[in-house]
Amino acid sequence: MSAIVLFSGGQDSTACLAWALERFDRVETIGFDYHQRHRIELSQRPVIRAALAQKFPRWAPKLGPDHVIDLSALAAIGATAMTQDIAITLDASGLPNTFVPGRNLLFLTFAAALAYPRGLRHIVGGMCETDFSGYPDCRDDTIKAMQATINLGMDSHFIIETPLMWIDKAATWRLAETLGGQALVDLTVEETHTCYLGTRDQKHDWGYGCGTCPACQLRAEGWRRFRAPGP
Ligand code: ZN
């Protein structure tokens, strides 16, 4: 069984990549360059892949090629705080302006288009409804509808796997620990990047980041609950 993982270089997609390497015989990765306002996630991708292969010899032979797709058109057509240097705010509907309309829909479509000729059956993504950032394209219903649409439109039988859909950020840290022990927790802290502002010169116990943007807050809060002593 083989899979392609939507791999951004963040904590969530790194957990998904480890999850896939534990389950599938062959795993390829796909990332997207949509002129996100910081390049750090993209530049951490090969670092994380190399570290996973080096620290986990059982995964190394399964890790196939990486693919980076240019989606600069996404930045060209719209202003969002993810692709432009503007403050992160909520709009009238409560949606953060880091929302890039259609982004995950495009990502899944491109992943399927790449997976199709390569014979990769499973598409793995870190979409999550639990710590809902307000992104409607992360909802389980959206993903299930995309799976149906892609399979109809490509006459295929892809399975879209979202291992993080119903777990919170503390559980994502625990998932890393379950899959790869302390070594994977350490790798996640040290190499994955989540901060919306691209800050990488401030180190916290949960990793690098500004510490105040919504992504850092979620990550830090998840870490705090992950590290808190049990009942
Ligand atoms: Zn931040």
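What comes next is a walk through the structure. Keep in mind that what you see is a predicted model, and the values were worked out from it rather than measured.

**Points about the coordination of the zinc ion**
Right, on to step 1. The protein atoms that coordinate the zinc ion are Cys195 (SG), Cys210 (SG), Cys213 (SG) and Cys216 (SG), at distances of 2.3 to 2.4 Å.
Right, on to step 2. Considering all four donor atoms around the zinc ion, angles at the metal cover 105 to 117° and the coordination shape is tetrahedral.
Right, on to step 3. Each donor residue of the zinc ion belongs to the same chain, with the gaps between them written as C-x14-C-x2-C-x2-C. Remark: Cys216 occurs in helix α7 (residues 214-227) and Cys195 occurs in the loop between α6 (169-191) and β6 (203-204); sequence separation between them is 21 residues. Assigned by exposure class, Cys195 and Cys216 land together as buried.

**Re the pairing of strand β1 (residues 2-6)**
Right, on to step 1. In terms of residue burial, β1 counts as a mostly covered element, since five of its five residues are buried.
Right, on to step 2. Side chains of β1 alternate between two faces, with Ser2, Ile4 and Leu6 and Ala3 and Val5 buried alike.
Right, on to step 3. The parallel pair β1 and strand β2 (residues 26-33) is bridged by helix α1 (residues 11-23), and the resulting crossover is right-handed.
Right, on to step 4. Where β1 lies against strand β4 (residues 122-124), three bridges are found, and the strand directions are parallel. Residue pairing for β4: Ala3 is matched across the bridge by His122.

**Description of the nonpolar core**
Inside soluble globular proteins, nonpolar side chains tend to come together where they are buried.
Right, on to step 1. With 39 residues, the main nonpolar core has Ile4, Leu6, Ile30, Phe32, Leu108 and Ile123 as its most contacted residues.
Right, on to step 2. The biggest single contributor to this core is helix α4 (residues 103-118), with six residues.
Right, on to step 3. Dropping the residues within four chain positions of it, Ile123 is found in contact with Ile4, Leu6, Leu108, Ala111, Ala112, Phe158, Ile159, Ile160 and Glu161.
Right, on to step 4. Counting 26 residues, the second largest nonpolar core, distinct from the first, contains Ala18, Trp59, Leu164 and Leu179.

What counts, and where the lines are drawn
- Residues numbered from 1 in each chain as written.
- Predicted model: local features only at pLDDT ≥ 70, side-chain atom pairs only at ≥ 80, totals over all residues.
- Heavy atoms only, no water.
- Donors = N, O, S within 2.8 Å, 3.2 Å for Na, K, Ca; no water.
- Tetrahedral: all angles 85-135°; square planar, octahedral: opposite > 155°, others 65-115°.
- Helix = DSSP H or I, 4+ residues; strand = E, 2+ residues; numbered from the N terminus.
- Buried < 20%, exposed > 50% of the residue type's maximum accessible area, 1.4 Å probe, protein only.
- Right-handed = clockwise from strand over helix to strand, strands pointing away.
- Pairing = 2+ DSSP bridges.
- Core = buried A, V, L, I, M, F, W, Y, C linked by side-chain atoms within 4.5 Å.
- Contact = heavy atoms within 4.5 Å.

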